[in-house]
Each structure stands twice: as C-alpha cells, then as structure tokens.
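Close look at the chain arrangement
Here's the letter readout for the chains.
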Amino acid sequence: MRRLTALRLVPVLLAASVTVAGCSSWGGKTETVEEQMKNKDYKFGSLLGTDGGLNLFGKNKRGGEQDSANGLSVNSFLWRASLDTLSFMPIASADPFGGVILTDWYTPPDSPNERFKVNLYILDRQLRADGVRVSVFKQQRNGSEWRDANVGPETAGTLEDAVLTRARQLRVSQAAATR
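Every value quoted in this text rests on a predicted model; they were computed, and no experiment measured them. (Residues numbered from 1 in each chain as written. Predicted model: local features only at pLDDT ≥ 70, side-chain atom pairs only at ≥ 80, totals over all residues. Heavy atoms only, no water.)

Details of the overall build of the protein chain
Stated precisely, the cut-off is as follows: We count a stretch as a helix when DSSP gives it H or I for four or more residues in a row; a strand needs E for two or more, and each element gets its number in order from the N terminus. Exposure categories follow from relative accessible area, calculated using a 1.4 Å probe and restricted to protein chains: below 20% of the type maximum is buried, above 50% is exposed, and the middle band is partly exposed. Any pair of residues with heavy atoms lying within 4.5 Å of one another is described as a contacting pair. Every accessible area reported is derived by Shrake-Rupley at a probe size of 1.4 Å, with residue values counting cover from the shown protein chains alone.
Across its full length, the protein chain carries four helices and five strands. Ordered by position from N to C terminus, the α and β elements of the protein chain give α-α-α-β-β-β-β-β-α. In the protein chain, which comprises 179 residues, the share counted as buried stands at 25%. Considering only contacts within the protein chain whose residues lie at least 6 apart along the sequence, 39% involve residues at least 24 apart. Carbon and sulfur atoms form 55% of the exposed surface of the protein chain, whose accessible area is close to 12,500 Å².

Focus on the pattern of salt bridges
Under the convention used in this document: Put simply, a salt bridge is a Lys or Arg side-chain nitrogen that is within 4 Å of an Asp or Glu carboxyl oxygen.
Counting across every chain of the model gives five salt bridges. A salt bridge links Glu 145 to Arg 147, with the nearest nitrogen and oxygen atoms 2.6 Å apart. Glu 145 gets classed as partly exposed once you look at its relative accessible area, which sits at 38%. Residues participating in the shared-partner salt-bridge network are Asp 124, Arg 128 and Asp 130.

Some thoughts on the packing of aromatic side chains
Note the threshold: The pairing test for Phe, Tyr and Trp rings, Trp by its six-membered ring, is centres within 6.5 Å, and the orientation test on the planes gives stacked under 30 degrees, edge-to-face over 60, and tilted for anything in between.
Tallied over the entire structure, the rule returns one aromatic pair. With 5.2 Å between their ring centres and 80° between their planes, Phe 88 and Tyr 106 make a pair best called edge-to-face. Pair noted here: Phe 88 is in the loop between helix H3 (76–85) and strand E1 (91–95) and Tyr 106 is in the loop between strand E2 (100–103) and strand E3 (114–122), with a separation of 18 residues, a long-range link.

Observations regarding the nonpolar core
Rules: Buried Ala, Val, Leu, Ile, Met, Phe, Trp, Tyr and Cys residues that are joined via side-chain atoms within 4.5 Å together make up what is termed a nonpolar core.
Judged by nonpolar contacts, the single largest core of 21 residues is most densely connected at Leu 78, Leu 86, Val 118, Leu 120, Val 132, Val 134 and Val 136. Looking at this core, the elements with two or more residues in it are H3, E3, strand E4 (132–142) and helix H4 (153–178). The greatest single-element share of this core, amounting to six residues, is contributed by H4. Ignoring sequence-local partners within four residues, the contact set of Leu 120 consists of Ser 82, Leu 86, Gly 99, Val 100, Ile 101, Val 132, Arg 133, Val 134 and Val 163.

A short note on the confidence of the model for the protein chain
Short version of the rule: The score called pLDDT rates the predictor's confidence residue by residue, from a low of 0 to a high of 100.
Of all residues in the protein chain, 60% have pLDDT values of 70 or greater, and the mean over the chain is 77. Overall, residues 40–68 carries pLDDT values under 50, and its contacts beyond four positions in sequence, including any with other chains, amount to 38 contacts.

A short note on the sheet that holds E3
This is how it is decided: Two strands pair if DSSP finds at least two bridges between them. Geometry is summarised by axes, namely lines fitted to C-alpha atoms with helices restricted to the contacting stretch, and by angles between N-to-C directions that run from 0 to 180 degrees.
Read from one edge of the open sheet, five strands run E1-E2-E3-E4-E5, paired in antiparallel fashion. Taken across any chain shown, the strands that pair with only one partner, and hence form the sheet edges, are E1 and strand E5 (145–149). If you compare each strand with its neighbour and ignore which way they point, the axes differ by 15° on average. The sheet strands contacting H4 are E3 and E4, and the helix crosses E4 at an angle near 135°.

Examining the environment of Asp 124
Using the following cut-off: Think of a polar contact as two N or O atoms within 3.5 Å of one another; within protein, one of them needs to be a possible hydrogen donor and the other a possible acceptor, and neighboring residues in sequence only count if both atoms come from side chains.
With respect to the helices and strands, Asp 124 occurs in the loop between E3 and E4. Accessibility expressed as a relative area gives 14% for Asp 124, which makes it buried. Taking the C-alpha atoms as reference points, Asp 124 and Leu 78, 46 residues apart in sequence, are found 9.2 Å from one another. In this structure the side chain of Asp 124 is engaged in a polar contact, spanning 3.4 Å, whose partner is the backbone nitrogen of Gln 126.

Topic: H3
The buried count for H3 comes to seven of ten residues, which makes it a mostly enclosed element. Every buried residue belonging to H3 is among Ser 76, Phe 77, Leu 78, Trp 79, Ala 81, Ser 82 and Thr 85, and all of these are buried.

Some points on the packing of H3 against H4
Here is the rule we go by: Throughout, the term roughly parallel applies to angles under 35 degrees, roughly antiparallel to angles over 145, roughly perpendicular to angles from 65 to 115, and oblique to all others. Should the near helix be turned anticlockwise from the far one by less than a right angle, the crossing is left-handed, and should it be turned clockwise, the crossing is right-handed. Each residue gets one label: Ala, Val, Leu, Ile, Met, Phe, Trp, Tyr, Cys and Pro are nonpolar, Asp, Glu, Lys and Arg are charged, and the others, such as Gly, are polar.
As a packed pair, H3 and H4 sit with axes 8 Å apart at the nearest point and diverge in direction by 125°. Of the possible angle classes, the one that applies to H3 and H4 is oblique. Considering the relative orientation of H3 and H4, their crossing is right-handed. Residues Phe 77, Leu 78, Arg 80, Ala 81, Ser 82, Asp 84 and Thr 85 of H3 lie in contact with H4, whose contacting residues are Leu 159, Ala 162, Val 163, Leu 164, Arg 166, Ala 167, Leu 170, Arg 171 and Gln 174. Residues of the contact of H3 with H4, tallied by class, amount to nine nonpolar, three polar and four charged.

Set out below in structure tokens:
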C-alpha cells in the first residue's frame, strides 16, 4: 500500500520540479520593469499609447515632465490666457486635457440683434504663435429667428493675438516672480 502511494507521488513531484525549473532564469539575466520599458517600445502608460493623449504616469510624449503643478496637458500660459481673454463670454465647455474651450452664444449689449460664439483650440504644449486656433461664429436676428452671418477673418486673428499677448504677459510675470 505504501509503495502504491509513493508511485502516485512521483508524477506530482516530477510536475512540481519541472514547474520550479521553468520559473528559474537558467543563468539568464532577469530584467526589471524599468529595463523592459527601455528595451521595448512600451505602449502602456498613456491612454493613447506613446504617441500622445492623456498621460497617466507623468511623462509627456516628448519625454519631458508633465506640467504637474496644475495638471494640464496643454501650455498653462495659453490655457489661462484663453480663459482670461474669453471671460466676457459664457463658457459652455472647457477641457484642459484636450485644450478646447467652447463658449455659448454671447450677445453684445450694444447690438442685441447679433450674437457670437467662439471655439478655441490650444494646439501645443509650447508657447508658440501657432499654438492657438480660434473659430468665431456669428448669427443675426431676422424677426424671431437667428440666421448665420459671415464673420470677418480678422476677428479670429484678433482673438488669437489677444490670447498670445496675455500668455506672454503671464509668462513674463511668472519669470519675474521667481527671480
């Protein structure tokens, strides 16, 4: 009876020893997680892979640190300047991770038959002249309904310039404060 029990244990012991042997490195080097991430084009850590998007672990797509002081994924000077510039309009949506600000319709007090809407996009993490794009929409009242109207191309450019000027002011004031 004892011999029968010992024979049943042989396959179990053999399977256990093969399993343990398979877990060992057989003389090869065991890599840490950091080494694996360096050796492979590691696609995790960002919701959209290594090419951009919302980053989960503090590095942006260019390898630099994220702006962790304010948690923004866009240039913080452009973001604050955009909000300051559009502060006279009602904000419908503001996404600091995507760099998008959408306003609701705004009717100037001096022209109650016109209303404007702005879509502002921050395109870069750097403070650059081409880092902001603005789209302006205009409607005019015709009786009781609103109809789309043309907006001069200089209107969007003027808003972009105002945002960039304010962003430069914010950057200069922060640089002066840190000295």
